[in-house]
Amino acid sequence: NAGVTQTPKFQVLKTGQSMTLQCAQDMNHEYMSWYRQDPGMGLRLIHYSVGAGITDQGEVPNGYNVSRSTTEDFPLRLLSAAPSQTSVYFCATRAGASPLHFGNGTRLTVT
Amino acid sequence: DQQVKQNSPSLSVQEGRISILNCDYTNSMFDYFLWYKKYPAEGPTFLISISSIKDKNEDGRFTVFLNKSAKHLSLHIVPSQPGDSAVYFCAAKGMDTGRRALTFGSGTRLQVQP
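So, here is what we can say about the structure in this document. This structure is a prediction, so every number in the text was calculated from the model and none was measured.

1. Regarding the overall build of chain A
Then, in step 1: Counting its secondary structure elements, chain A contains zero helices and eleven strands.
Then, in step 2: For chain A, whose C-alpha radius of gyration is 13 Å, the value lies close to the compact-globule estimate of 13 Å for 111 residues.
Then, in step 3: A principal-axis box enclosing the C-alpha atoms of chain A has dimensions of 40 × 25 × 25 Å.
Then, in step 4: Going through the 111 residues of chain A one by one, you find that 46% of them count as buried.
Then, in step 5: Across chain A, every contact between residues at least 6 apart in sequence was considered, and the portion connecting residues at least 24 apart equals 52%.
Then, in step 6: When the accessible surface of chain A is summed, it comes to about 5,100 Å², and 51% of that surface belongs to carbon and sulfur atoms.
Then, in step 7: Taken as two groups, the 8 positive and 7 negative side-chain charges of chain A have centres that lie 10 Å from each other.

Below you can see the structure in the form of structure tokens.
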């Protein structure tokens, strides 16, 4: 049982490049979300989804797109990377009102 | 404006002593609070939670206290162990947060000295 799997673990991008951070879960959780963690800022919600076909914006959505075509996958797309998007990104899921279950993160550096 | 604040970036305690991690919040609509623990290169893991209808919740060595009038909660770890060394995040949610999304504090790094 893998839980929440995030790929890649590390990524370096140049300014203006695009990429997709992958998140896959095998727990059949309806709720999936993306957070970014920055020093002194805690974790901030980027986008979330309450089920396949439904997505919504969180606290810091600008520069990111998401889609939810299946229950299992919730990819996060950076359209044109900027140095301000250098961060550690966490995907998190939950079932109903239970606590969030996090993946191990993707460390992204934009130069 | 941070709605959940952890004003101590770090805390160091001796093994066997009590660790007390503090968290303050400003949004009076928050009604559920959680603590997460994070080791390096791993995602946060859920530790303990408390509803606003309670003022204390205990789970083994971990106890969370909630003071609603002061908008303050604290996590007590007794006795502290070296394996407790990690970053601890306080989080909160309420009826006014979108789909009851979590708002996190900035974290406190706890170091337990053997």
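2. Some words on the state of the cysteines
Then, in step 1: Tallied over the entire structure, the rule returns two disulfides over all chains.
Then, in step 2: What pairs with C23 of chain A in a disulfide is C91 of chain A, and their sulfur atoms sit 1.9 Å apart. Classification of the bridge connecting C23 of chain A and C91 of chain A rests on its S-S torsion, roughly -70 degrees, and on that basis the disulfide is left-handed. Taken together, the positions of C23 of chain A in strand 3 (residues 19-25) and C91 of chain A in strand 9 (residues 87-94) put the pair 68 residues apart, joining distant regions of the chain. Each member of the pair, C23 of chain A as well as C91 of chain A, carries the same accessibility label: buried.
Then, in step 3: The partner cysteine of C23 of chain B in its disulfide is C90 of chain B, sulfur to sulfur 2.1 Å. Judged by the sign of its S-S torsion, about -75 degrees, the cystine formed by C23 of chain B and C90 of chain B is left-handed.

3. Here we look at the interface of chain A and chain B
Then, in step 1: In this assembly, 18 residues from chain A lie in contact with 19 residues from chain B.
Then, in step 2: Taking both partners together, chain A and chain B bury about 1,400 Å²; carbon and sulfur atoms supply 60% of that area.
Then, in step 3: Ranking the residues of chain A by area buried against chain B places L43, P99 and F102 of chain A at the top, with a combined share of 30%.
Then, in step 4: Summed over the shared surface of chain A and chain B, the result is two residue pairs in polar contact (both at pLDDT 80 or more).

4. Section: the environment of F62 of chain B
All names here are of chain B.
Then, in step 1: As for its placement among the helices and strands, F62 is situated in strand 7 (residues 62-67).
Then, in step 2: The class for F62 is buried, based on a relative accessible area of 12%.
Then, in step 3: Along the primary structure F62 and I77 are separated by 15 residues, whereas in three dimensions their C-alpha atoms are 4.8 Å apart.
Then, in step 4: Setting aside its immediate chain neighbours within four residues, F62 contacts L47, I48, N57, L75, H76, I77 and D84.

5. A closer look at the sheet that holds strand 8 (residues 76-78) of chain A
All names here are of chain A.
Then, in step 1: Pairing in this open sheet of four strands is antiparallel, and the strands run 1-3-8-7 from one edge to the other. Each of the sheet's edge strands pairs with one partner strand only, and the pair in question is strand 1 (4-7) and strand 7 (64-66). For this sheet the average axis-to-axis angle between neighbouring strands, irrespective of direction, equals 20 degrees.
Then, in step 2: Bridging between strand 7 and strand 8 involves three bridges; their strand directions are antiparallel. Residue pairing in the sheet places N65 in a bridge with R77 of strand 8.

6. What to know about the side chain of D84 of chain B
Then, in step 1: Of note, D84 of chain B is situated in the loop between strand 8 (72-77) and strand 9 (86-94).
Then, in step 2: Beyond its immediate chain neighbours, meaning those up to four positions away, D84 of chain B contacts K37, R61, F62, I77, P79, L110 and V112 of chain B.

7. Topic: the sheet that holds strand 1 (residues 4-5) of chain B
Then, in step 1: Strands sit in the order 1-3-8-7-6 (chain B) across an open sheet of five strands; the sheet is antiparallel. Strands with a single pairing partner mark the edges of an open sheet, and in this sheet they are strand 1 and strand 6 (56-59) of chain B.

The rules behind the values
- Residues numbered from 1 in each chain as written.
- Chains lettered and ligands numbered in written order.
- Predicted model: local features only at pLDDT ≥ 70, side-chain atom pairs only at ≥ 80, totals over all residues.
- Heavy atoms only, no water.
- Helix = DSSP H or I, 4+ residues; strand = E, 2+ residues; numbered from the N terminus.
- Rg over C-alpha atoms; globule rule 2.2 N^0.38 Å.
- Buried < 20%, exposed > 50% of the residue type's maximum accessible area, 1.4 Å probe, protein only.
- Contact = heavy atoms within 4.5 Å.
- Areas by Shrake-Rupley, 256 points an atom, 1.4 Å probe, with all protein chains shown as cover.
- Lys, Arg positive; Asp, Glu negative; His and termini not counted.
- Charge placed at Lys NZ, Arg CZ, Asp CG, Glu CD.
- Disulfide = S-S within 2.5 Å.
- Buried area = accessible area lost by both parts, 1.4 Å probe.
- Polar contact = N/O pair within 3.5 Å; in protein donor to acceptor, adjacent residues only side chain to side chain.
- Pairing = 2+ DSSP bridges.
- Axes fitted to C-alpha atoms, helices over the stretch in contact; angles between N-to-C directions.

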